[in-house]
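Below are the chains, spelled out letter by letter.
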Amino acid sequence: MSSATTVWLAFVLSGAVTYAQRASFLLILGDRSLPAPIQRALRYVAPAAFAAIVAPRIFDSVSPSELTAPDARLIAAVVGGVLMWKVRNLPVLLVGGMVVFWLLRWVGL
Amino acid sequence: MEATGGQSSAGAVKRGLTAATALAIPALPIGVLLGVAIRESDVVGNWAGWASSFLIFAGAAQFAAVELLDQGAGVAAVVAAVFMINARHLMYSAAIGGRFQEAPAWFKWIGSYFLIDQVFALNNEYAADAPSDRSLSYRIRFYLASAAPMASVWYVGVGAGILLGQFIPAAWEIEFAIPLMFLGLLVLSTFNLPGVVAAMIGGTVAVIGRGWPSGSGLLLGAVLGVAVAGVLDGLLSDSDATTAVEVEVEAAGDRVEDTP
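Residues numbered from 1 in each chain as written. Chains lettered and ligands numbered in written order. Predicted model: local features only at pLDDT ≥ 70, side-chain atom pairs only at ≥ 80, totals over all residues. Heavy atoms only, no water.

This part takes up the overall build of chain B. Looking only at helices and strands, chain B has twelve helices and zero strands in total. Listing every helix and strand of chain B by position from the N terminus yields α-α-α-α-α-α-α-α-α-α-α-α. Relative to its 260 residues, chain B shows a buried fraction of 55%. A sequence separation of at least 24 residues applies to 80% of the contacts in chain B between residues at least 6 apart. Accessible surface computed for chain B: about 10800 Å², of which carbon and sulfur atoms make up 67%. (Helix = DSSP H or I, 4+ residues; strand = E, 2+ residues; numbered from the N terminus. Buried < 20%, exposed > 50% of the residue type's maximum accessible area, 1.4 Å probe, protein only. Contact = heavy atoms within 4.5 Å. Areas by Shrake-Rupley, 256 points an atom, 1.4 Å probe, with all protein chains shown as cover.)

In structure tokens, the structure reads:
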């Protein structure tokens, strides 16, 4: 297989797999309802998944032994999280978090 | 469609576009960075790379696919990695399925394509702008309107990165906007004790497993967090049903003015 064929085939099949995952329950659920315990658990997909996406990107450079050393991303994330908790406004979080992050980088963190 | 459309449905499109625009802006530089990675790849051609934005339409999975292909991986390895990285969409689909059970087939086929993280965040049961007491017609319009800015920004951003190359200085570390955005979505979607537990388990496991192949740490963290929170929710609502409901109602009221 030429490398161009490999690339296109990989992208087309990856797209099909991703679409199938997104369509899975939307299409097959039909008139049926999921069992109550499953429904209860699914209410927590958003916090569990978003935390799992965020945490490794913030703690990436911080190992347990280095937790005492200040880290620009960690501090900016804490400030941004508190800000978000207060104002509940995404643009404010993004601007505030990035400004704090750049200031910390600028002072050498 | 329901007859209750009319005025409120026009509002749905406007609200959907507005809410999603705040999420689409931080996605733009990430799309550009992916475009730069595609341009610099010796294996992935520019057209194929741009096409992957339409075919896969998932940032992390596309980055991984380009990187793997660059390292000489075969089709099966790439598809398996994409399956793992995107497996959380199975949960999104299950969580959102009930809200659109009565929706027409065309919407389910089209809507599925757009079920990315941000669209799920804006359209799940507890999202502020399209609550469940809105008509189905309103929720469908809001869903599609919230998907449009995300998709446009992604296609344009990746294309711009391929065409224009590296015009964002790496020193700015602009990619930090993405964890910040997901942090905001996390705050908005966490409104009771089981939610906090779900987030702590998901985050902790993902950090421990950040070196595991194909994002399996993320996936395991999300699955464990959801499972434990579901059990905890069941225990809490059995023992003290009223309190759990009250907390939720309070939090739902709080979230009405989430997005500008």
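From N to C terminus, chain A includes five helices and zero strands. Along chain A, helices (α) and strands (β) appear in the sequence α-α-α-α-α when read from the amino end. Considering chain A as a whole, with its 109 residues, one finds that 46% of them fall into the buried category. Contacts in chain A between residues at least 24 apart in sequence constitute 31% of all its contacts with a sequence separation of at least 6. Taken as a whole, chain A presents about 5400 Å² of accessible surface, with 71% of it coming from carbon and sulfur.

This part covers the interface of chain A and chain B. Between chain A and chain B, the residue contacts involve 68 residues of the former and 91 residues of the latter. Across the chain A-chain B interface, the total number found is three salt bridges. For Arg 40 of chain A, the salt bridge identified is with Asp 233 of chain B, shortest N-O distance 3.9 Å. Between chain A and chain B we count 17 residue pairs in polar contact (both at pLDDT 80 or more) in total. Where the side of chain A that touches chain B is concerned, the elements lending two or more residues are α1 (3-28), α2 (36-42), α3 (45-58), α4 (72-87) and α5 (90-106) of chain A. Element by element, the count of residues in the side of chain A that touches chain B is highest for α1 of chain A, at 21 residues. (Salt bridge = Lys/Arg side-chain N within 4 Å of Asp/Glu carboxyl O. Polar contact = N/O pair within 3.5 Å; in protein donor to acceptor, adjacent residues only side chain to side chain.)

One can find Ile 174 of chain B in the loop between α8 (136-164) and α9 (177-189). Residue classification places Ile 174 of chain B among the buried positions, given a relative accessible area of 16%. Separated by 141 residues in the primary sequence, Ile 174 of chain B and Leu 33 of chain B place their C-alpha atoms 9.5 Å from one another. Once residues within four sequence positions are removed from consideration, Ile 174 of chain B is found in contact with Met 98 and Trp 102 of chain A together with Pro 29, Leu 33 and Ile 168 of chain B.

Here we come to unusual backbone geometry. The phi dihedral of Arg 88 of chain A falls on the positive side, at around 50 degrees, and the residue is not glycine. Within the element layout of this structure, Arg 88 of chain A appears in the loop between α4 and α5. A relative accessible area of 11% means that Arg 88 of chain A is categorised as buried. The phi dihedral of Phe 57 of chain B is positive, around 55 degrees, even though this residue is not glycine.

Next up on the list: α9 of chain B. Think of an α-helix as turning once every 3.6 residues; residues three or four places apart then point the same way. Relative to the 18 Å expected for 13 residues at 1.5 Å per residue, α9 of chain B spans 18 Å between its end C-alpha atoms, a close match to the ideal helical length. In terms of burial, α9 of chain B is largely enclosed, as 13 of its 13 residues are buried. (Expected span 1.5 Å × (residues − 1).)

Relative to the helices and strands, Lys 14 of chain B is located in helix α1 (residues 6-40). Sequence spacing of Lys 14 of chain B and Ala 145 of chain B is 131 residues, and the spatial spacing of their C-alpha atoms is 7.5 Å.

Next up on the list: the packing of α1 of chain A against helix α6 (residues 105-113) of chain B. In contact at an axis separation of 8 Å, α1 of chain A and α6 of chain B are set at 145 degrees when each is read in the N-to-C sense. Between α1 of chain A and α6 of chain B lies a crossing whose hand is right-handed. From α1 of chain A, Tyr 19, Arg 22, Ala 23, Leu 26 and Leu 27 of chain A reach across to α6 of chain B, where they touch Lys 108, Trp 109, Ser 112 and Tyr 113 of chain B. Tallied by class, residues from the contact of α1 of chain A with α6 of chain B come to six nonpolar, one polar and two charged. (Axes fitted to C-alpha atoms, helices over the stretch in contact; angles between N-to-C directions. Left-handed = near helix turned anticlockwise from the far one by under 90°. Nonpolar A, V, L, I, M, F, W, Y, C, P; charged D, E, K, R; others polar.)

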